[in-house]
Amino acid sequence: MLILSRKVDEKIKIGNDITLTIIEIHGELVKIGVEAPKNVKVFRQEVYEAIQAENKAAATQTSDDALKNIFM
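Residues numbered from 1 in each chain as written. Predicted model: local features only at pLDDT ≥ 70, side-chain atom pairs only at ≥ 80, totals over all residues. Heavy atoms only, no water.

J.: Explain the overall build of the chain to me, and be specific about the residues and the numbers.
T.: Counting its secondary structure elements, the chain contains two helices and three strands. For the chain, buried positions account for 6% of its 72 residues. For the chain, long-range pairs separated by at least 24 residues make up 2% of all intrachain contacts whose partners lie at least 6 apart in sequence. Surface accessibility of the chain: about 6700 Å² in total, with carbon and sulfur atoms responsible for 56%. (Helix = DSSP H or I, 4+ residues; strand = E, 2+ residues; numbered from the N terminus. Buried < 20%, exposed > 50% of the residue type's maximum accessible area, 1.4 Å probe, protein only. Contact = heavy atoms within 4.5 Å. Areas by Shrake-Rupley, 256 points an atom, 1.4 Å probe, with all protein chains shown as cover.)

J.: Just give me the short version of the pairing of strand β2 (residues 18–26), but keep the residues and values in it.
T.: Examined bridge by bridge, strand β1 (residues 11–14) and β2 share four bridges and lie antiparallel to one another. Within the sheet, the bridge partner assigned to K13 lies in β2 and is T19. Counted between consecutive antiparallel strands, the loop separating β1 from β2 contains three residues, among which G15 sits at a positive phi close to 60°. With seven bridges joining them, β2 and strand β3 (residues 29–35) adopt antiparallel strand pairing. (Pairing = 2+ DSSP bridges.)

Structure (C-alpha cells):
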C-alpha cells in the first residue's frame, strides 16, 4: 500500500485519467473529490462489498427462488 500525505486542494493522480483531490479535512473526516472517466465505477468500500455480496447471492440463487422473487 502506498501512503501519501496531502493537504486541502492538493491532488493525487492515478494513471492518466483519474485524479483525487482533497476537498476538506475536519478531524478524522476527509472529503475527497474523484475525477474519473464515466466508464470507471467509483464506490465507497462498504457499498462495493454490499454489491459484491448481492451479486454472489444472486448467482447462487436457484431458478425457482429467482422466479418466486420476480412474482412476489
